[in-house]
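Report on the structure
For reference, the chains in residue letters:
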Amino acid sequence: MKQHDYEKIYYETRAKLTLQRLFPEEFNSLVSSDKPDLKTTDNQIGIEVTRAVNYHDAERVTFFSKELCGRLRNQVDSKKLEKFCSDGTQISVYSGNQDSIPQGTILGFAPPAVWQNTQLVKNAIKQKIIHINRVPYQDTEQLNLYVFSDTFKSYEMSDMEEILDHIMRCQPICKKKFSVIYFDDCGWFYRCDLENGEIEFYSTEEIIHTICVDAKAFAEEKE
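The structure reproduced in this document is the subject of the present report. Residue numbering note: each chain is counted from 1, following its sequence as written. In view of the model being predicted, local features appear only for residues whose pLDDT reaches at least 70, and side-chain atom pairs are presented and counted only at 80 or more, with totals across whole chains, interfaces and linings using the full set of residues. Think of the side-chain values as coming from all heavy atoms in the structure, minus any hydrogens and water.

Focus: the nonpolar core
- Counting residues in each nonpolar core, the largest one holds 35 residues, and the members touching the most others are Leu19, Phe27, Ile47, Tyr146 and Tyr182.
- For helices the rule is a DSSP run of H or I covering at least 4 residues; for strands it is a run of E covering at least 2, with both sets numbered from the N terminus onward. If one sorts the elements of this core by residue count, helix H1 (residues 3-22) sits on top with five residues.
- In this view, isoleucine 47 contacts Leu19, Phe27, Leu30, Pro36, Asp37, Leu38, Leu143, Asn144, Tyr146 and Tyr182; residues no more than four positions away in its chain are not counted.
- By convention a nonpolar core is built from buried Ala, Val, Leu, Ile, Met, Phe, Trp, Tyr and Cys residues, the set being connected through side-chain atoms within 4.5 Å. Buried residues are those whose accessible area, probed at 1.4 Å on protein chains only, stays under 20% of the maximum for their type, while exposed residues exceed 50% and partly exposed ones sit between those limits. Grouped together as the second largest cluster of nonpolar side chains are 24 residues, Ile125, Ile163, Phe178 and Ile199 included. Any two residues whose heavy atoms approach within 4.5 Å are treated as being in contact.

What follows is the structure, given as structure tokens:
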């Protein structure tokens, strides 16, 4: 399987499993699809999945998901870990007391401190808005967008509000619109309602390990 196919399956599966854990009543019937990437079996909700990362970051995220995420730190090849962290990147390991997550499990990573802005995320969302208005899509009552990025943890709530406000001002000129946008950053999760401007935060730290392991196993099974 090509790398692109592995990544597509991995992230779409992660999105599906996360939504089903956070909102079980709404997404218990969520299945993989095509245009949109996910949908409920009653065609009420469709979801497109995308990542807001540049090329270099995408390579690092892929390496992390395949080689590090969900593994115990002391079981990871030291040379691989040293190379990954050589630019100052820090990995986060679980130190809580959940029985389902072994202590020392690698959950995420933080790139070296750099100045962050919201433009990359805005551009990724705008590209998806353009895409759904150019390409034929299955009809669903509601179309939502799921965005992965490793920058959301560095944002303030004002940054999230800025992104949401910008997208809400872009959408009125389009025939097809997203109703809700989900933002996922490996433990941090936002649900943003584009109809009323409401932003809700959820911590996914206690479920991210199981979700990443299951998504990785499913993607590898398809290789």
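What to know about the sheet that holds strand S9 (residues 199-203)
- Strands sit in the order S1-S2-S3-S6-S7-S8-S9 across an open sheet of seven strands; the sheet is mixed. The strands lining the two open edges of the sheet, one partner per strand, are strand S1 (30-32) and S9. Strand-to-strand twist in this sheet, taken as the mean axis angle between neighbours without regard to direction, amounts to 20 degrees.
- The rule for pairing is simple: two strands pair if DSSP sees at least two bridges between them. Of the strand pairs in this sheet, strand S7 (residues 180-185) and strand S8 (residues 188-193) are connected by six bridges, and their pairing is antiparallel. By the bridge assignment, isoleucine 181 is partnered in S8 with cysteine 192.
- For helices, the fitted line uses only the C-alpha atoms of the stretch in contact; every axis is such a line through C-alpha atoms, and the angle between N-to-C directions lies from 0 to 180 degrees. On the sheet, helix H5 (residues 119-132) packs against strand S3 (45-51), strand S6 (142-148) and S7 and is oriented at approximately 135 degrees with respect to S3.

Some points on the state of the cysteines
- Put simply, a disulfide is two cysteine sulfurs that come within 2.5 Å. Counting across every chain of the model gives zero disulfides.
- Free of any disulfide, cysteine 174 has its nearest cysteine sulfur in cysteine 170, 7.8 Å distant.
- On the accessibility criterion, cysteine 174 (16% relative accessible area) is buried.
- Free cysteine: cysteine 212, not disulfide-bonded; nearest cysteine sulfur from cysteine 69 at 3.4 Å.
- Residue classification places cysteine 212 among the buried positions, given a relative accessible area of 2%.

Thoughts on the pairing of S9
- Here five bridges tie S8 to S9, and the two strands are oriented antiparallel to one another. Along S9, the bridge assignment pairs tryptophan 188 with serine 203.
- Between S8 and S9, which follow one another and run antiparallel, lie five residues, and glycine 197 among them has a positive phi close to 75 degrees.

Quick look at the environment of glutamate 82
- Topologically, glutamate 82 is positioned in helix H4 (residues 78-84).
- Placed 130 residues apart in sequence, glutamate 82 and cysteine 212 show a C-alpha to C-alpha distance of 22 Å.

Structural notes on the pattern of salt bridges
- For this analysis, a salt bridge means a side-chain nitrogen from Lys or Arg found within 4 Å of a carboxyl oxygen belonging to Asp or Glu. Inspection of the entire model under this criterion finds 11 salt bridges.
- Among the ionic pairs, aspartate 165 bridges to arginine 169, the shortest N-O distance being 3.0 Å. Pair noted here: aspartate 165 and arginine 169 are both in helix H6 (residues 157-170), with a separation of four residues, about one helical turn.
- Several salt bridges share partner residues, and in doing so they unite Lys8, Glu12 and Asp37 into one network.

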